[in-house]
Amino acid sequence: MKNKVIFDSCVIVAASVFMSATEDVGIDLKHHFYEDAIQLSSLIKKNLSKRIGVVTATIESEALGVLSEVIRGEIRRKYEELDRETLFRYHSIALNACDTRMRNLLAFLQREPVDPYDVAVWFTQVTRMYEELEQAANKLENLAYLKTQAVPPKIRKMADWFEIYRTDDIRINAQLYNLLFKKVETEDQKILAEACYLLNLYKATEGKDVSLYVASTDHHFSPARKPGWVVESRQVTDEIKKRFGIVCDWPKQIYEIVSKKL
Amino acid sequence: MKRFNEIEVFNSIYTKLEEMEERQQVDLSIMNDLDILMRRFKGLELFWIENRKVKIDDAFILYHCARNCNNILNKMKSRFSEAHEKHLNPQVVRDSIPLISSMHALCDLVGMPSEEPLVPEKITLVLKRLKEMRDIASNVSMLPSYQEETRGLNVLQLKRQFGSMTESLQAEFFEE
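(A) Quick peek at the overall build of chain B. What chain B contains, in helices and strands, is 7 helices and 0 strands. Starting at the N terminus and walking to the C terminus, you meet the elements of chain B as α-α-α-α-α-α-α. Dimensions of chain B, computed from C-alpha atoms along their principal axes, come out at roughly 60 × 35 × 30 Å. Counting all 176 residues of chain B, 36% fall into the buried class. For chain B, the share of sequence-separated contacts (at least 6 apart) that also reach a separation of at least 24 residues comes to 72%.

(B) Representation of the overall build of chain A. Counting its regular elements, chain A contains 12 helices and 5 strands. Principal-axis analysis of the C-alpha atoms places the extent of chain A at approximately 65 × 55 × 35 Å. Within chain A, the fraction of its 262 residues that count as buried is 43%. A separation of at least 24 residues holds for 78% of the contacts in chain A among residues at least 6 apart in sequence.

(C) Fine view of the packing of helix α5 (residues 116-138) of chain A against helix α9 (residues 174-181) of chain A. All names here are of chain A. Their axes nearest at 9 Å, the elements α5 and α9 cross at an angle of 105 degrees. Here α5 lies roughly perpendicular to α9, going by the angle between them. Taking contact as the criterion, the partners of Tyr130, Leu133, Glu134, Ala136, Ala137 and Asn138 in α5 are, on α9, Leu176, Tyr177, Leu179 and Leu180.

(D) Structural context of the confidence of the model for chain A. Considering every residue of chain A, the mean pLDDT works out to 89; 93% of them sit at 70 or more. Across chain A, the element-wise mean pLDDT spans from 67 in helix α6 (residues 143-149) of chain A up to 97 in strand β5 (residues 246-249) of chain A.

(E) Spatial organisation of the sheet that holds strand β3 (residues 110-111) of chain A. Residues and elements named next belong to chain A. Pairing is parallel in the open sheet, where 5 strands are placed in the order β3-β2-β1-β4-β5. This sheet does not close on itself; its edge strands, each paired only once, are β3 and β5. Pairing of strand β1 (residues 2-7) with strand β4 (residues 210-215) involves 6 bridges; the strand directions are parallel. Each bridged residue has a counterpart across the sheet, and for Lys2 the counterpart in β4 is Val210. Lying on the sheet, helix α10 (residues 186-206) is in contact with β1, β2 (53-55), β4 and β5; it crosses β4 at an angle near 155 degrees.

(F) Seen up close, helix α7 (residues 155-173) of chain B. Between its first and last C-alpha atoms α7 of chain B spans 27 Å; for 19 residues at 1.5 Å apiece the expected length is 27 Å, and the two agree. The set of residues buried in α7 of chain B consists of Leu158, Gln161, Phe162, Met165, Thr166, Leu169 and Phe173 of chain B. The arc that holds the buried residues of α7 of chain B, viewed along the axis, is 140 degrees, so those residues lie on one side. Residues of α7 of chain B that are exposed and angled more than 90 degrees away from the buried face: Leu156 and Ala171 of chain B. Considering only its buried residues, α7 of chain B is in contact with α1 (9-25), α2 (32-46), α3 (57-78) and α4 (84-106) of chain A together with α6 (146-150) of chain B.

(G) Inspection of the interface of chain B and chain A at higher detail. Residue-level contacts link 33 residues of chain B with 42 residues of chain A. Counting residues per element, the ones that place at least two in the side of chain B that touches chain A are α3 (56-81), α5 (120-139), α6 and α7 of chain B. The dominant element in the side of chain B that touches chain A, judged by the number of residues it contributes, is α7 of chain B, at 14 residues. A breakdown of the residues in the side of chain B that touches chain A according to their chemical character gives 12 nonpolar, 11 polar and 10 charged.

(H) Fine view of the pairing of β5 of chain A. All names here are of chain A. The two faces of β5 match: Ile246 and Cys248 on one face and Val247 and Asp249 on the other face are all buried. Here 4 bridges tie β4 to β5, and the two strands are oriented parallel to one another. When the sheet's bridge partners are listed, Val214 is paired in β5 with Cys248.

(I) Fine view of the environment of Val92 of chain B. Residue and element names in this part refer to chain B. Structurally, Val92 is set in helix α4 (residues 91-110). Val92 sits in the buried class, given 23 other C-beta atoms within 10 Å. In sequence terms Val92 and Gln25 are 67 residues apart; their C-alpha atoms lie 9.9 Å from each other. When near neighbours in sequence (up to four residues on either side) are disregarded, Val92 contacts Val26, Arg79, Phe80 and Ala83.

(J) Here's a closer look at the nonpolar core. Core analysis: the largest hydrophobic core is formed by 114 residues, its most contacted members being Val5, Ala14 and Phe18 of chain A. The dominant element in this core, judged by the number of residues it contributes, is α3 of chain B, at 12 residues.

Calculation notes
Residues numbered from 1 in each chain as written. Chains lettered and ligands numbered in written order. Predicted model: local features only at pLDDT ≥ 70, side-chain atom pairs only at ≥ 80, totals over all residues. Helix = DSSP H or I, 4+ residues; strand = E, 2+ residues; numbered from the N terminus. Buried ≥ 20, exposed ≤ 12 C-beta atoms within 10 Å, placed from the backbone. Contact = placed C-beta atoms within 7 Å. Axes fitted to C-alpha atoms, helices over the stretch in contact; angles between N-to-C directions. Parallel < 35°, antiparallel > 145°, perpendicular 65-115°, else oblique. pLDDT = per-residue confidence, 0-100. Pairing = 2+ DSSP bridges. Expected span 1.5 Å × (residues − 1). Arc of directions from axis to C-beta. Nonpolar A, V, L, I, M, F, W, Y, C, P; charged D, E, K, R; others polar. Core = buried A, V, L, I, M, F, W, Y, C linked by C-beta atoms within 7 Å.

Next comes the structure, spelled out in structure tokens:
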């Protein structure tokens, strides 16, 4: 069984920033957003001969855009706190440091060329899937009201049942609702189309026994889950698996799955 | 800013590099051209720091490009000056040709002081060309290291700015 992991841009950026912060600047980053990204990239580095880590030009380009956009946001936010020379100089150094680390990280990933015509065919299927999921999100019924009505009258006054059921509904359908609040960008749909193309290419060239994973923190790929939630919302993730055979999840979960298979 | 004939300076550099490659020998008169370019990029850095008419984040991107060009040219100058002593001759010439060409392409986009807002497509193109230039510089060992970039700077201030950036990134992308 061969395993391939596509690194989404947010994971590449997180790992690069982590390496730069800890190894260049000397900051101890504790948040698991960074730790998970670095754990997965370390697994890829340790198993370099198995060529697990994969990236495409679209993802590389998006990662660069993400990083510069974060820094631009910092500049906009801090322009009154610091004089411009200091502000510009320090952020330019930070951007360069992360860029250098990103280059080092990308060196461990296989940059796969893709056929734009084949990707375009997959892209139409990806677009259709997200359209259908968005329609499903729009059609979600107000189950909380119906469930509240079904609570036996004896205990109805003991709690705010509508609020409890409404919270549950929001959690269960979080991934679908997210499609309504935050449109899936064309670049992200293109990344999924490239993943579909690559999976089929691997199956044709390396044998049918190939699993493809996408490590991402975006809810239009990976399940929505939060500490304290009993349920996780994974309608989009499951649909991607069903239609295209690709497993999308957070870096930590991908690490757990892949490390057991190596 | 003073009028600057960018084509003339780049042409002079290209000509000297070609001649050096043909003769297989470094000609240090190129240092003068590199100095002119460096002064130009330093001027652009100051221009974008002081320019209050364009959006601050646009000004930053253009400053960042000019600063990178300046730093890389500084590194290139060191390589040329030590070429004879360290037997880098004519490797330094071969290394410099693609780098200068890439810098010229970036300069075409960011070399003119302007007060026009940057459209997103231009930002993307600028960042791509900057990345290309930094990739080439890295491949030919002309990219200043983090230690070189931060020499003499306030480390605490840098840590504070970097720490704040990591928090923003985490907040933006950590949706779990």
